[in-house]
Amino acid sequence: TLLYQVAVADEPLMLLRHIVRENLSYNEFLTADYTFANEELARAFPIEGYDESRGGWQQVRYTDNRPDAGYLSMGSTYLRYASDEFNYHRGRANALSRILVCDDFLKRPVDFPRDIDLSDENAIANAVSDNPVCTACHDQLDPIASFLFPFVAAEDAEYDAGYRDEHADEWTEATGKAPAYYGQAGNDVRDLARFFLADARYGRCAVTRVCEGLLDRPAGVPDYPAIERHFAAFEAGGRTFRALYRSIM
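The structure displayed is predicted, hence computed values, not measured ones.

A. Spotlight on a negative patch on the surface. A grouping of Asp165, Glu166, Asp169, Glu170 and Glu173 is seen on the molecular surface, where their side chains present a negatively charged patch. With respect to the helices and strands, the residue Asp165 is situated in the loop between α6 (132-145) and α7 (171-174). Given the relative accessible area of 51%, Asp165 is considered exposed.

B. The environment of Leu13, seen in detail. With respect to the element layout, Leu13 can be found in helix α1 (residues 2-21). When its relative accessible area of 47% is taken as the criterion, Leu13 is described as partly exposed. Expressed as a C-alpha distance, the spacing of Leu13 and Phe36, which sit 23 residues apart in the sequence, is 9.2 Å.

C. Inspection of the packing of aromatic side chains at higher detail. Overall, the coordinates contain 14 aromatic pairs when judged by the stated rule. Between Tyr181 and Tyr182, the aromatic rings sit 4.8 Å apart at their centres with planes inclined by 85°, giving edge-to-face as the arrangement. Between Tyr181 and Phe195 the ring centres are 6.0 Å apart and the planes differ by 10°, which places this aromatic pair in the stacked class. Taken together, the residues span a long stretch of sequence, with Tyr181 in strand β4 (residues 180-181) and Phe195 in helix α8 (residues 189-198) at a distance of 14 residues. Assessed through its relative accessible area of 2%, Tyr181 is described here as buried. Clustering of aromatic rings is evident, with ring pairs tying together Tyr26, Phe29, Tyr71, Tyr202, Phe234 and Phe241. Positioned over the ring face of Tyr62 is Arg66, at 3.8 Å from the centre of the ring. Positioned above the aromatic ring of Phe231, the side-chain terminus of Arg204 is 4.1 Å from the ring centre.

D. Examining the state of the cysteines more closely. One pass over the structure, following the stated rule, counts one disulfide. Here Cys102 is linked by a disulfide to Cys205, with a sulfur-sulfur distance of 2.0 Å. Here the S-S torsion is close to 80°, and the disulfide linking Cys102 with Cys205 is therefore right-handed. Taken together, the residues Cys102 in the loop between α4 (90-101) and α5 (121-130) and Cys205 in helix α9 (residues 200-215) connect sequence positions 103 residues apart. Accessibility expressed as a relative area gives 33% for Cys102, which makes it partly exposed.

E. Representation of the environment of Ala174. Among the structural elements, Ala174 can be located in helix α7. Along the backbone, Ala174 and Asn87 are 87 residues apart, and their C-alpha atoms lie at a distance of 9.2 Å. Leaving out residues up to four positions away in the same chain, Ala174 has contacts with Tyr88 and Phe149.

F. Structural detail: a nonpolar patch on the surface. Nonpolar side chains collect at one region of the surface, where Leu214, Tyr245 and Met249 lie side by side and expose about 360 Å² of accessible area between them. Under the relative-accessibility criterion, Leu214 is labelled partly exposed at 46%.

G. Expanded view of the nonpolar core. Formed by 58 residues in total, the largest nonpolar core has its most connected members in Phe29, Leu30, Tyr71, Leu72, Leu100, Leu192 and Phe196. Phe29 has contacts with Pro12, Leu15, Leu16, Ile19, Ala69, Gly70, Tyr71, Leu100 and Tyr202, leaving out every residue within four places of it along the chain.

H. Just the layout of surface pockets, in detail. Taken as a whole, the second largest pocket encloses approximately 470 Å³ of empty space. Around the second largest pocket, the lining comprises 19 residues; the ones closest to its centre are Leu13, Leu16, Tyr26, Phe29 and Ile99. Taken together, the elements giving at least two residues each to the lining of the second largest pocket come down to α1, α3 (75-80), α9 and α11 (241-248). In terms of residue class, the lining of the second largest pocket is built from 15 nonpolar, two polar and two charged.

Conventions adopted
Just so you know, the residues in each chain are numbered from 1, in the order the chain's sequence is written. Residue-level local features of this predicted model are given only where pLDDT is at least 70; pairs of side-chain atoms are given and counted only at 80 or more, and the full residue set underlies all totals for whole chains, interfaces and linings. Side-chain descriptors were evaluated using all non-hydrogen atoms of the structure, hydrogens and water having been removed beforehand. Only residues whose relative accessible area exceeds 30% and that form no salt bridge enter a patch; like-charged residues are grouped when within 9 Å of one another, and nonpolar side chains (Val, Leu, Ile, Met, Phe, Trp, Tyr) when within 5 Å. To measure how exposed things are, a 1.4 Å probe is used in the Shrake-Rupley method; for residues, cover is taken only from the protein chains shown. In what follows, salt bridge is the name for a side-chain nitrogen of Lys or Arg lying within 4 Å of a carboxyl oxygen of Asp or Glu. Asp and Glu are treated as the negative residues and Lys and Arg as the positive ones, with His and the ends of the chain left uncounted. Lys charges are placed at NZ, Arg charges at CZ, Asp charges at CG and Glu charges at CD. Numbering of helices and strands starts at the N terminus; helices are DSSP runs of H or I of at least 4 residues and strands are runs of E of at least 2. Accessible area is worked out with a 1.4 Å probe on protein chains only. A residue is then buried under 20% of its type maximum, exposed over 50%, and partly exposed in between. Each Phe, Tyr or Trp ring, with Trp reduced to its six-membered ring, pairs with another whose centre is within 6.5 Å; inter-plane angles below 30 degrees give stacked pairs, above 60 give edge-to-face pairs, and intermediate values give tilted ones. Placement of a positive charge over a ring is assigned whenever Lys NZ or Arg CZ falls within 6 Å of the ring centre and within 35 degrees of the normal to the ring plane. For this text, the term disulfide refers to a pair of cysteine sulfurs within 2.5 Å. The contact criterion used throughout is that any non-hydrogen atoms of two residues lie within 4.5 Å. In these notes, a set of buried Ala, Val, Leu, Ile, Met, Phe, Trp, Tyr and Cys residues joined through side-chain atoms within 4.5 Å is what counts as a nonpolar core. Here a cavity denotes grid points, spaced 1 Å and computed from the protein atoms alone, that fit a 1.4 Å probe unable to get out, and a pocket denotes an open set having protein on both sides within 12 Å along at least 5 of 7 lines; residues with an atom within 4 Å of a point are the lining. Grid points are joined across faces, edges and corners, and a volume is the space filled by probe spheres set on the points. Each residue gets one of three labels, nonpolar for Ala, Val, Leu, Ile, Met, Phe, Trp, Tyr, Cys and Pro, charged for Asp, Glu, Lys and Arg, and polar for the others, Gly among them.

This is the structure in structure tokens:
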């Protein structure tokens with residue numbers, strides 16, 4: 001339903017609003033062991049702690065043993081960015097990279113090989129593994145995607161992108177790339193969250209997005225010195241948005 005679709009879009013925003021209102025570190029976005037749900041999500045998602053008599057958005061927890069990693073654990077994240085049988089969660093991995101560290105693999109300059117038969121699945125799979133032009137990105141992207149296999153594709157669960165631990169090792173037959181973040185090996189999305197948090201681009205990306213929102217335009221080279229000053233203030237202030245806005249204003 002439309003209300004359900006709106007609720008899916010709003011789940012991450014409710015966590016972000018909570019972080020801002022409570023003056024918490026932006027790290028909470030990837031470490032929270034809770035989420036937020038309204039009536040629609042409470043009916044669709046495997047959660048506990050929702051008080052129907054109160055209604056509206058409430059702080060709740062998932063009950064299907066998914067690792068606690070804030071945004072990376074949300075059903076909404078994986079419903080919004082669905083995967084399919086052949087994408088192997090690469091689209092999801094790129095969405096996370098774009099959102100959290102402002103690195104969009106699809107915008108990287110690539111001189112795509114013209115001799116690959118795109119109608120041949122085996123030819124594509126071989127190119128991704130063996131062609132230097134392809135592996136330059138896929139050696140980075142595919143290991144990130146491998147963290148995401150337990151979150152079933154949206155089409156496999158009508159309303160719930162649920163967590164299925166038995167899918168965790170399916171990367172072995174899909175891409176053969178073990179879960180890792182730029183060479184740092186991990187096991188589940190808690191590790192992936194830890195890697196994102198340790199990446200300097202995580203905080204800088206948030207600062208850039210806030211600046212772009214206030215400027216109402218994309219940031220350009222002339223804005224970079226100011227963004228670096230605001231980034232320093234953001235870090236010094238414990239990655240709180242209060243510290244960031246104080247620096248900007």
